[in-house]
Amino acid sequence: MLDTLLPILIAASLALAVIGAWRRVRLWRQGRSAPVDLLKGLAAMPRRYLVDLHHVVARDKVMSNTHVATAGGFVAAAVLMVLVHGLGLAQGVLGWALLAASATMFAGSCFVARRRRNPPARLSKGPWMRLPKSLMAFSLSIFAITLPAVGLLPEDFGSWILALALCTVLVWGLGEMVFGMTWGGPMKHAFAGALHLAFHRRAERFSTKGGEGNRSTGLKALNLDDRDAPLGVETPSDFTWNQLLGFDACVQCGRCEAVCPAFAAGQPLNPKKLIQDMVVGMAGGSDAHYAGSPYPGKPVGEHEGSADGPIVAREGKALVDADTLWSCTTCRACVEECPMMIEHVDAIVDMRRFLTLEHGNTPNKGAEVLDNLIATDNPGGFDPGARMHWAADLELPLMRDLQQAEVLLWLGDGAYDMRNQRTLRSLVKVLRAADVDFAVLGDEERDSGDVARRLGDEATFQSLAKRNIATLSKYRFKRIVTCDPHSFHVLGNEYGELGGDYEVRHHSTFIAELYDAGRLHFKPWKGGSVTYHDPCYLGRYNGEFEAPRNVLRALGIEVAEMERSGFRSRCCGGGGGAPITDIPGKQRIPDMRMGDVRETGAELVAVGCPQCTAMLEGVVDASAEVRDIAELVADALIAAPASTGERSQTQEAQAAEVL
Amino acid sequence: MSEILRRDPRKEWIARNRLHPQHLEVLAELGGGAASEWVGPNGLVRRNPHVVGFMGPNGLKRIDRSGVQQGAGGGGAAKAATQSKPLVEIESPAFLVAVVPDMAGGRLTGHDRDLLGLARQLADADPAAPGAVLAVIFGEHKEDGFAEAGIDRLLHLDGPDVEGFAPEARLGALVAAEEAWTPRHWLIPDSKLGGADLGRRLAARLGERPATGVWQIEASAEADLGWSCTARGAAGTLDIQRSLPRFALALAECAEPVSDTRHAASELTLPQALPAQLSRIEDLGQVAVDPAGVALSEAEFILSAGNGVRDWDGFHHAAEVLGATEGASRVAVDDGFMARNRQVGATGTWVTARVYVAVGISGAIQHLQGIQSCDKVVAINMDPGCDMIKRADLAVIGDSAKVLEALVALVEQAREEKRNAA
Amino acid sequence: MTVLVSVGRHPVTGRSRRADQDARGVELARTLPGAEIGLLHAGRLDEGNEAALRGYLGMGFDALTLIEQPESSDALPALAEALKAAPPQLVIAGERAEQGEGSGLLPYLLAERLGWPLVSGLAAVEEVSGGVATVLQALPRGQRRRLKVRLPAIVTVDAAAPAPRQSAFGPAQRGRLEVSEAPVAADVEMAEWQFKPARKRPKRLKIVKAASARDRFKAAAAKAEGGGGQVLTDVTAEQGAAAVYKLLKEEGVLR
Ligand SMILES: Cc1cc2nc3c(=O)[nH]c(=O)nc-3n(C[C@H](O)[C@H](O)[C@H](O)COP(=O)(O)OP(=O)(O)OC[C@H]3O[C@@H](n4cnc5c(N)ncnc54)[C@H](O)[C@@H]3O)c2cc1C
Ligand code: SF4
Ligand code: SF4
């Protein structure tokens, strides 16, 4: 009886899976078109899965092994099942292989089950709680029905009742694992995830045989010249189809939720929920079935949407509330952690673009800052002619006078901020001490456009960027050095698309290079213990984790690392215009970060970003002093040991004049 | 008073005996109002150093020997001074300079006085042919210093028609004045208190182009009326140099107020009664606005609380007694003590208050940004080294609760005294 | 209703932009439920002006009527004709322009010409019904006065009126500028004036007309006392409060 029933069951489930797949593909195809090389993507998919995805998954060893066993076992078992039971090729090694595969899968599913016994808060419950059982049902039933096929049990072992019971379990297993994979359910992630890897919007993120992928963190430009092109994303179907596909790949593992600073601060954002809401919107319906942590302060079940309905309502509720989108600091912690390589920040900025460019609804001080950027080229609304007032006594060389220099020092809007001016002065002192041939743009510099872009105002970003590019094109320089990681990121990663390609260095990188080249000399560190805070836009955005630490080491400082440092660094709360939109939460992100600092017992926290400095210094009753790396370096400068002679003495004298 | 000195030995004795219960009374009597001074037994003027003087800049008591600051009779002294100002009477003026003061609260405002000063400049320029200053005022008033402010003629229009916001009725009256006397100049304060509105109405009605935002005038031979003026234009970003037209709306401090002379301030009446007007604007009266609830951006006087405030009831009470609008630092807002719309600073409101009292606020740069355009900043703080102290015009180092409490007591005491006096 | 809008000028950089008060006027109009709002501008059309005018469209309008006029012409006749041709119930204008003379006369002249009542310095329009508008006029210190005005009327807005909503790029780009022509009246008088960037006005010195040297000395001493940056350390709460009280009194903020 099983002989006849099994092929039918398998064929039926496969047929249903095809229908399910067709339906899912149709859901994704609601999105906008996107240029993707389908075949190349499919060809690259296995490598992307095995190398890049597992690189992320492997940060959690147990989970990684569990997944290898379960997923590997399942893929093998599914293929073999079709061969053995569907096509009746039970002879010889195939049957044994199927037994082995389903046994492995079962072992894996036991680990899955163990994890589900007391799941951490970040994991979604609901249907996900039945997944281990489904996995077991599938693996066990396959195992059992294969036993007779390889002759370990007699063909007619047991009664028909047993056979029927087995079939029922198998139907459950097949339903979840084969049909559910495409129609919907926890296993959907496998189907969508595989295709998502193949057709990912940022193919350059993945490694190839040629080498590592890059971080690919720059936002993609909107085409503003095309009057008909939508400005950002209004409805789920305004995402590109491969973005929608990406949302569908989410496994609701909640790793993003666990690292999201806004979520931790009690602001109404949870990246996992946001991705799930996009999935809900794509298919249409309400979020009532979502079984994970909600947006803090927003009960589940009150929002609904559809593929062509608005994501954010002008008034009232739709799929997502605007303050959810405006809570994000664009720190990319979620993207960094997501095993499915989902691009949360792209999606959030896409939706913000619509809110700003079409609704004109940038909250709080957002509108004012954007107006300032438009009218004065800086977010504070200061006189562009006053940009260099802080340096009146420094006689900084101007590009306008020199026309060329080895290094173009990009000052950033910190030039208007008294606190950051101290950092800039220190940096100038360091550059002079190392005898660097540098010049500044002076009043010709404008805001890089970072804040405008993250606030969704692509038009102002492009206007600023194009004018900056035009200015930069007038002069000759080898590289740009800046102490603002946001400018660094935008100049280095986002101006390219608009025609500005530059070699950009963060000042910590540049100082490290100068030190290695023997052009800087430091006296030994005498202060107390020091920790280092990785700025998101330097670390996660640009992969620079080492240079700042090298500089600190060169200063004789041993960094007392915070638990969350390096690529896992916790945001200071200052990115993405978050301090401007200032969405209330339960606590402040910088306060949490200062808490991290306190845990290390450090008396000083070294930073490399004006924004981080401002945020961390804004913490009341902080336990540690905040200093920029440039300041620490400038304080430690000494003349070169005697052998290098007089030259550096004069440099030192020069440098002394600076401060 | 007779010129002969009559002496009363008993009183003189009491005056010399500082411990006598009637000492002060007698002193006051003998000193003609100035308890610090009296005529001694042999006709010499005596001074009591204990009741004179004022607190000097460094907290030491200073005695002023000029005679101005004597005794309790300050008002009397001031009166005496005005009496001594020469009275200038212009019987038959060559022309009139009309001024329409705002009279906010029934009194001449500082702005009004500046305009009157400007009017005098115009009127007195040619001593051979002096002009007279005509002031047109509306409604009830409490002013008794018209003469000292430089007004020769006063047209006082009263009645229910012109009370409150009655631009149409007032305009009618001004037009009647124009017809009756055709002043050579019309000067009206360019102020939110009413002048800016009324002046523009008048010029528009009479079809004459006024100069607005005038802040300076100079004699000029080329100009029709003999004067040129400098006026603010383009929302205060331009200075426009032009000849002074008949109608000018002038800014505060456009001239020095009159201080040396007294004028007749003789009342005029319009030759004809004003025609009844059908007003298309109805004044439903002022709306009660709680000072604490005034929008921060509009508030003139802000009492702002930070992390250094512990006694919140005391703080709210103080704001109420002082009649101040409440502000807060972000910490006070974050901690839930103040509403979010009360936050002052970079991510809150940028305020323009004339007086900003920061109670227990350290003065983080983000907070200071928000009070950039405040005129006077007062800090009450425990920490003499904090940045708010550096910004403040007056800083009191001490516990916020205690200082506020004392301040409230002072204000209440002063009010009490005023009530008793009235 | 119609909102008169002009091309503003940023106070720091002088770049053209939507004028703040006019934008408040637009916002005021938008707060009225069901109002049919038209935007009207008379002036020159060039690149800078267009960007500024589109700023108003970005507040959510499909079109703006632009009566083309050369620079330094008098906009009054053109606007008056346009309003006469299609009289709205309510005309909203800013209190003064950010460019040129900025005298704030235009609404008054318009009202005079059209024979309509005018109310200045509004913070809010509470209700428009039955040919009458109930409005709140802004008074200093955040105070308000409620007025009723017969329609049609012209009103001007105060800085206390609600802040204008953000101008969104999309609608600003898509909106139409409906250009129309009108006879031009040159502003002859203005051509004779001299324009200069505003000078800082000297702070008024307290001139002391003192009869004697002693008075002058006293005044000088008193001034030093009030000088800025005074820090009172080691004082009792009462002494500190007294100093604060004195300042509050001097500034006249206590009533
Ligand atoms: C991006 C960003 C934006 C910000 N925006 C704003 C903003 O818009 N507005 C704002 O206010 N802040 C803002 N901040 C926060 C700002 O940096 C400060 O943290 C905040 O202003 C400090 O508030 P505070 O002065 O009340 O508290 P504290 O810094 O804790 O100061 C309390 C003060 O009270 C004094 N004090 C303590 N006890 C007493 C007592 N009993 N009597 C008298 N004095 C006492 C102390 O000496 C101290 O000076 C922002 C910060 C960031 C990073
Ligand atoms: S980018 Fe940072 S703040 Fe934004 S959702 Fe991701 S983790 Fe949260
Ligand atoms: S978005 Fe990524 S990290 Fe977040 S729950 Fe989904 S799969 Fe996990």
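All residue numbers refer to positions counted from 1 along the written sequence of the respective chain. Lettering for chains starts from A, numbering for ligands starts from 1, and both go in the order in which the items are written. Selection of residues for local features in this predicted model requires a pLDDT of at least 70, selection of side-chain atom pairs for listing and counting requires 80 or more, and totals for whole chains, interfaces and linings are taken over all residues. Calculated side-chain values reflect all of the structure's heavy atoms, with hydrogen atoms and water omitted.

As named in an unreviewed UniProt entry, chain C is Electron transfer flavoprotein beta subunit, taken from Onishia taeanensis. As its UniProt record puts it under Sequence similarities (unreviewed entry), chain C is described as follows: "Belongs to the ETF beta-subunit/FixA family." UniProt positions are given in the numbering used here, feature names are shortened, and annotations may be inferred rather than shown by experiment.

Chain A appears in an unreviewed UniProt entry as Fe-S oxidoreductase from Onishia taeanensis.

*Asks:* Is there a simple way to explain the side chain of Gln421 of chain A in this structure?
*Replies:* Residues and elements named next belong to chain A. Secondary structure elements are taken from DSSP: a helix is a run of H or I of four residues or more, a strand is a run of E of two residues or more, and numbering for both begins at the N terminus. Locating Gln421 in the fold gives a position in helix α17 (residues 418–433). Exposure is judged per residue with a 1.4 Å probe applied to protein chains only, and the accessible area is read against the type maximum: over 50% gives exposed, under 20% gives buried, and values in between give partly exposed. Note on Gln421: relative accessible area 16%, which makes it buried. Residue contacts are counted whenever heavy atoms from the two residues lie within 4.5 Å of one another. Dropping the residues within four chain positions of it, Gln421 is found in contact with Trp390, Gly414, Ala415 and Tyr416.

*Asks:* Which parts of the structure should I look at to understand the interface of chain A and chain B?
*Replies:* Interface size is often expressed as the accessible area that is lost when the parts come together. Facing 11 residues of chain A, the contacting portion of chain B comprises 12 residues. Note on terms: buried area is the combined drop in 1.4 Å-probe accessible area of two parts once they are placed together, counting the loss on both. Between chain A and chain B, the buried area comes to about 990 Å², and carbon and sulfur atoms account for 42% of it. Here, a salt bridge means any Lys or Arg side-chain nitrogen found within 4 Å of an Asp or Glu carboxyl oxygen. Linking Arg588 of chain A and Asp334 of chain B is a salt bridge whose minimum nitrogen-to-oxygen distance equals 2.4 Å. Side-chain atoms alone can form a polar contact between residues adjacent in sequence; in general such a contact is a pair of N or O atoms within 3.5 Å, and within protein one must be able to donate a hydrogen while the other accepts it. Viewed at the interface, chain B and chain A are joined by three residue pairs in polar contact (both at pLDDT 80 or more).

*Asks:* Quick question: what am I supposed to make of the site of ligand 2 here?
*Replies:* Working definition: residue near molecule or strand if any one of its non-hydrogen atoms lies within 4 Å of it. All residues adjacent to ligand 2 are Cys260, Pro261, Leu269, Pro271, Cys328, Thr329, Thr330, Cys331, Arg332, Ala333, Cys334 and Val345 of chain A. Polar here means any residue other than Ala, Val, Leu, Ile, Met, Phe, Trp, Tyr, Cys and Pro, which are nonpolar, and Asp, Glu, Lys and Arg, which are charged; Gly is therefore polar. Taken together, the residues of the shell around ligand 2 break down into nine nonpolar, two polar and one charged.

*Asks:* Would you take a moment to explain the UniProt feature "domain: Electron transfer flavoprotein alpha/beta-subunit N-terminal" (unreviewed entry) in chain C for this structure?
*Replies:* As recorded in UniProt, the feature "domain: Electron transfer flavoprotein alpha/beta-subunit N-terminal" (unreviewed entry) lies at residues 4–188 of chain C. Secondary structure content for residues 4–188 of chain C is 25% helix and 34% strand, and the end C-alpha separation is 23 Å.

*Asks:* Please clarify how the pairing of strand β21 (residues 394–397) of chain B should be interpreted in this entry.
*Replies:* Regular strands show a simple pattern: their side chains alternate between the two faces of the sheet. Across the two faces of β21 of chain B the burial is the same, with Leu394 and Val396 of chain B and Ala395 and Ile397 of chain B all buried. Sheet analysis places strand β20 (residues 376–381) of chain B next to β21 of chain B, joined by four bridges and oriented parallel. Within β21 of chain B, the residue paired with Ala379 of chain B across the bridge is Ala395 of chain B. Two strands qualify as a pair provided DSSP detects at least 2 bridges between them. Taken together, the three bridges between β21 of chain B and strand β13 (residues 230–232) of chain C define a ladder with parallel strand orientation.

*Asks:* Would you mind going over the site of ligand 3 with me for this structure?
*Replies:* As a structural note, the neighbourhood of ligand 3 is formed by Cys250, Val251, Gln252, Cys253, Gly254, Cys256, Lys272, Cys338, Pro339, Met340, Ile342 and His344 of chain A. Within the shell around ligand 3, the residues separate by chemical class into eight nonpolar, three polar and one charged.

*Asks:* Sorry if this is basic, but what is going on with the domain arrangement of chain C here?
*Replies:* For chain C, the domain assignment lists domain 1 (2–191) and domain 2 (213–250). The split of the chain into domains comes from an automatic or database domain assignment. Look at where the C-alpha atoms of domain 1 of chain C and domain 2 of chain C centre, and you get two points 47 Å apart.

*Asks:* Just to check I follow, could you spell out the UniProt feature "transmembrane region" (unreviewed entry) in chain A for this structure?
*Replies:* Residue and element names in this part refer to chain A. As annotated by UniProt and renumbered to match this structure, "transmembrane region" (unreviewed entry) occupies residues 6–22, 68–87, 93–113, 134–153 and 159–179. Annotated as 100% helix and 0% strand, the span residues 6–22 places its first and last C-alpha atoms 24 Å apart. Here residues 68–87 runs as 95% helix and 0% strand, with 27 Å between its end C-alpha atoms.

*Asks:* Mind showing me how you'd approach the pattern of salt bridges here?
*Replies:* Side chains carrying opposite charge are able to pair once their charged atoms draw close together. Following the criterion strictly, the structure yields 77 salt bridges over all chains and no others. Between Arg387 of chain A and Asp413 of chain A there is a salt bridge, with the nearest N and O atoms lying 3.1 Å from each other. Placement of the pair is Arg387 of chain A in the loop between α15 (366–376) and α16 (399–402) and Asp413 of chain A in the loop between β3 (404–410) and α17, with a sequence separation of 26 residues. Classification of Arg387 of chain A as buried rests on a relative accessible area of 2%. Arg232 of chain B is paired through a salt bridge with Asp239 of chain B; the nearest N and O atoms lie 2.5 Å apart. Overall, Asp239 of chain B belongs to the buried group, its relative accessible area being 5%.

*Asks:* Help me understand a negative patch on the surface in this model?
*Replies:* A surface patch of negative charge is lined by Asp311, Asp313 and Glu405 of chain B together with Glu238 of chain C. Counting through the fold element by element, Glu405 of chain B comes out in helix α11 (residues 400–421). Relative accessible area serves as the criterion here: at 58%, Glu405 of chain B is assigned to the exposed category. Like-charged residues are merged into a patch within 9 Å and nonpolar side chains (Val, Leu, Ile, Met, Phe, Trp, Tyr) within 5 Å, provided each residue has over 30% relative accessible area and no salt bridge. Note that accessible areas follow from Shrake-Rupley with a 1.4 Å probe, and for residues the cover is restricted to the protein chains shown. His is not counted here, nor are the chain ends, while Lys and Arg score as positive and Asp and Glu score as negative. Charge positions are represented by NZ for Lys, CZ for Arg, CG for Asp and CD for Glu.

*Asks:* For this particular structure, what's the right way to read the packing of aromatic side chains?
*Replies:* Any two aromatic rings considered together are summarised by their centre-to-centre distance and by the angle between their planes. All names here are of chain B. Each Phe, Tyr or Trp ring (for Trp, its six-membered ring) is paired with any other whose centre lies within 6.5 Å, and the angle between the two planes then decides the class: stacked below 30 degrees, edge-to-face above 60, tilted in between. Throughout the structure, instances matching the rule amount to 14 aromatic pairs over all chains. Seen in terms of ring centroids, Trp312 and Phe315 are 5.8 Å apart; in terms of plane orientation they differ by 70 degrees. Their pairing is edge-to-face. Of the two residues, Trp312 and Phe315 both sit in helix α7 (residues 312–322), three residues apart, roughly one turn of that helix. On the accessibility criterion, Trp312 (10% relative accessible area) is buried.

*Asks:* Looking at this model, I keep getting lost on the packing of helix α21 (residues 507–516) of chain A against helix α22 (residues 546–554) of chain A. Mind explaining?
*Replies:* The packing of two helices is summarised by the inter-axis angle and the distance between the axes. Residues and elements named next belong to chain A. Between α21 and α22, whose axes approach to 8 Å, the crossing angle comes to 45 degrees. On the basis of the axis angle, α21 is oblique to α22. Remark: the crossing between α21 and α22 carries left-handed chirality. Of α22, the residues touching α21 (which contributes Ser508, Thr509, Ile511, Ala512 and Tyr515) are Ala547, Pro548, Val551 and Ala554. Here the axes come from fitting lines to C-alpha atoms, over the contacting stretch only for helices, and the angles between their N-to-C directions go from 0 to 180 degrees. Here the word oblique covers every angle except those under 35 degrees (roughly parallel), over 145 (roughly antiparallel) and from 65 to 115 (roughly perpendicular). Helix crossings fall into two classes, left-handed where the near helix is turned counterclockwise from the far one by less than a right angle and right-handed where it is turned clockwise.

*Asks:* Help me understand the interface of chain C and chain B in this model?
*Replies:* In this assembly, 82 residues from chain C lie in contact with 83 residues from chain B. Summing both partners gives a buried area of about 7200 Å² for chain C against chain B, and 55% of it is carried by carbon and sulfur. In this structure, the connection of chain C to chain B is made through six salt bridges. A salt bridge links Lys192 of chain B to Glu95 of chain C; the nearest nitrogen and oxygen atoms lie 2.9 Å apart. At the junction of chain C and chain B, the tally comes to 25 residue pairs in polar contact (both at pLDDT 80 or more). In terms of residues, the side of chain C that touches chain B owes the most to one element, helix α7 (residues 237–251) of chain C, which gives 11 residues. A class-by-class count of the residues in the side of chain C that touches chain B yields 35 nonpolar, 19 polar and 28 charged.

*Asks:* Quick question: what am I supposed to make of the state of the cysteines here?
*Replies:* Note: disulfide means a covalent bond formed between the sulfur atoms of two cysteine side chains. Criterion for a disulfide: a pair of cysteine sulfur atoms within 2.5 Å. Per the counting criterion, the structure on display carries zero disulfides over all chains. Not engaged in a disulfide, the cysteine Cys536 of chain A finds its nearest cysteine sulfur in Cys571 of chain A; these two sulfurs lie 3.9 Å apart.

*Asks:* Teacher, can you tell me more about the pairing of strand β7 (residues 118–129) of chain C here?
*Replies:* Residue and element names in this part refer to chain C. Direction of pairing for β7 relative to strand β10 (residues 153–157): parallel, over a ladder of three bridges. Bridge pairing in β10 places Leu122 opposite Val157. Between β7 and strand β8 (residues 132–139), which pair antiparallel and follow one another directly, the connecting turn spans two residues, one of which, Gly130, has a positive phi of 55 degrees.

*Asks:* Where do I start with the domain arrangement of chain A in this structure?
*Replies:* Residue and element names in this part refer to chain A. Along its sequence, chain A is organised into domain 1 (2–200), domain 2 (236–359) and domain 3 (379–513). Of note, the centres of domain 2 and domain 3, computed from C-alpha atoms alone, are 34 Å apart. Counting from both sides, the interface comprises seven residues of domain 2 and, opposite them, seven residues of domain 3. Summed over both sides, the interface between domain 2 and domain 3 buries roughly 560 Å², with carbon and sulfur atoms accounting for 58% of that surface. Linking domain 2 with domain 3 are one salt bridge.

*Asks:* Help me understand the packing of helix α6 (residues 195–206) of chain B against helix α4 (residues 106–114) of chain C, please; the structure alone is not making it clear to me.
*Replies:* At a minimum axis distance of 9 Å, the contact between α6 of chain B and α4 of chain C shows a crossing angle of 45 degrees. Considering their axes alone, α6 of chain B and α4 of chain C lie oblique with respect to each other. Viewed along their axes, α6 of chain B and α4 of chain C form a crossing whose handedness is right-handed. Counted together, Ala196, Asp197, Arg200, Arg201, Ala204 and Arg205 of chain B of α6 of chain B and Tyr108, Leu109 and Glu112 of chain C of α4 of chain C form the full contact between these two elements. Partitioned by chemical class, the residues of the contact of α6 of chain B with α4 of chain C number four nonpolar, no polar and five charged.

*Asks:* Would you explain the sheet that holds β13 of chain C in this entry?
*Replies:* Within a beta sheet, neighbouring strands are joined by backbone hydrogen bonds and run either parallel or antiparallel to one another. Spatial ordering of the open sheet is given by β18(B)-β17(B)-β19(B)-β20(B)-β21(B)-β13(C), a layout of six strands whose pairing is parallel. Strands with a single pairing partner mark the edges of an open sheet, and in this sheet they are β18 (325–328) of chain B together with β13 of chain C. Across the sheet, the mean angle separating the axes of adjacent strands is 15 degrees when strand polarity is ignored. Against the sheet, α7 of chain B engages β17 (301–305), β18 and β19 (355–359) of chain B, with an angle of about 175 degrees to β17 of chain B.

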